[in-house]
Amino acid sequence: MPDATPSFDADIRPLFREKDRDSMIRMFDLWSADDVRAHAESIHAAVSRGSMPCDGPWSEADTALLRRWIDGGSPA
Ligand code: HEM
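Quick caveat: nothing in here was measured; it's all calculated off a predicted structure.

Asker: Report on the site of the ligand, specifying residues and quantitative values.
Answerer: Neighbouring the ligand are 17 residues, the closest being Asp-20, Ser-23, Met-24, Met-52 and Cys-54. Mapped by element, the contributors of at least two residues to the shell around the ligand are α2 (18–24) and α4 (40–49).

Asker: Let's hear about helix α5 (residues 60–71): which residues, and what values?
Answerer: Between its first and last C-alpha, α5 extends 16 Å over 12 residues, near the 16 Å set by a 1.5 Å rise per residue. The complete set of buried residues in α5 reads Thr-63, Leu-65, Leu-66, Trp-69 and Ile-70. End-on view of α5: buried residues confined to an arc of 155 degrees, all on one side of the axis. α5 presents Glu-60, Ala-61 and Asp-71 as exposed residues on the side facing more than 90 degrees away from its buried surface. Looking at the buried residues of α5, the elements they touch are α1 (8–12), α3 (33–38) and α4. Gly-73 sits one or two positions beyond α5 and adopts a positive phi of about 95 degrees.

Asker: Give me the lowdown on the packing of aromatic side chains, citing residues and values where you can.
Answerer: Here the structure, examined in full by the defined rule, presents two aromatic pairs. Ring geometry for Phe-8 against Trp-69: centres 5.6 Å apart, planes inclined by 45 degrees, an arrangement best described as tilted. A residue pair is termed long-range when its members are at least 10 positions apart, and Phe-8 in helix α1 and Trp-69 in helix α5 qualify at 61 residues. Take Phe-8 and Trp-69: they sit in the same class, and that class is buried. Across the ring face of Trp-31, the terminal group of Arg-13 is positioned such that the distance to the ring centre comes to 5.0 Å.

Asker: Describe the nonpolar core, naming the residues involved and giving the relevant values.
Answerer: Core analysis: the biggest nonpolar cluster contains 17 residues, and Ile-12, Phe-16, Leu-30, Val-36, Ile-43, Leu-66 and Trp-69 have the highest contact counts within it. Of all the secondary structure elements, the ones that give two or more residues to this core are α1, α3, α4 and α5. With four residues, the top contributor of residues to this core is α5. Ignoring any residue separated from it by four or fewer positions in sequence, one finds Ile-12 in contact with Pro-6, Ser-7, Leu-65, Leu-66 and Trp-69.

Parameters and conventions
Residues numbered from 1 in each chain as written. Predicted model: local features only at pLDDT ≥ 70, side-chain atom pairs only at ≥ 80, totals over all residues. Heavy atoms only, no water. Near = heavy atom within 4 Å. Helix = DSSP H or I, 4+ residues; strand = E, 2+ residues; numbered from the N terminus. Expected span 1.5 Å × (residues − 1). Buried < 20%, exposed > 50% of the residue type's maximum accessible area, 1.4 Å probe, protein only. Arc of directions from axis to C-beta. Contact = heavy atoms within 4.5 Å. Phe/Tyr/Trp six-rings, centres within 6.5 Å; stacked < 30°, edge-to-face > 60°. Lys NZ or Arg CZ within 6 Å of the ring centre and 35° of its normal. Core = buried A, V, L, I, M, F, W, Y, C linked by side-chain atoms within 4.5 Å.

So, in structure tokens, the structure goes:
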């Protein structure tokens, strides 16, 4: 079901590498659904403008997946 709402555990958390988590842990935990929910709009803004991750931008598909998760209510 390509249009099903993505889930944090299956779809979103795997987008964040250990390096991403370690780099950002002072601001938020990218492996925590609660933290990513709380900062969802700034995280989405950073990946869609390409400023984060600092070593290369996400694909449009991954950015769109994050958008669908946010718009779908950010389920675990
Ligand atoms: C998908 C992975 C990542 C996400 C979603 C993310 C997200 C963010 C967000 C939302 C901010 C707040 C400022 C802004 O909007 O630009 C930020 C700041 C920052 N990030 Fe990341 N980040 C990621 C990966 C990384 C990596 C891999 C590094 C470095 C090796 C990094 C280094 C930094 C630094 C140094 C800041 C502070 C910038 C400042 O103080 O102006 N981030 N990140």
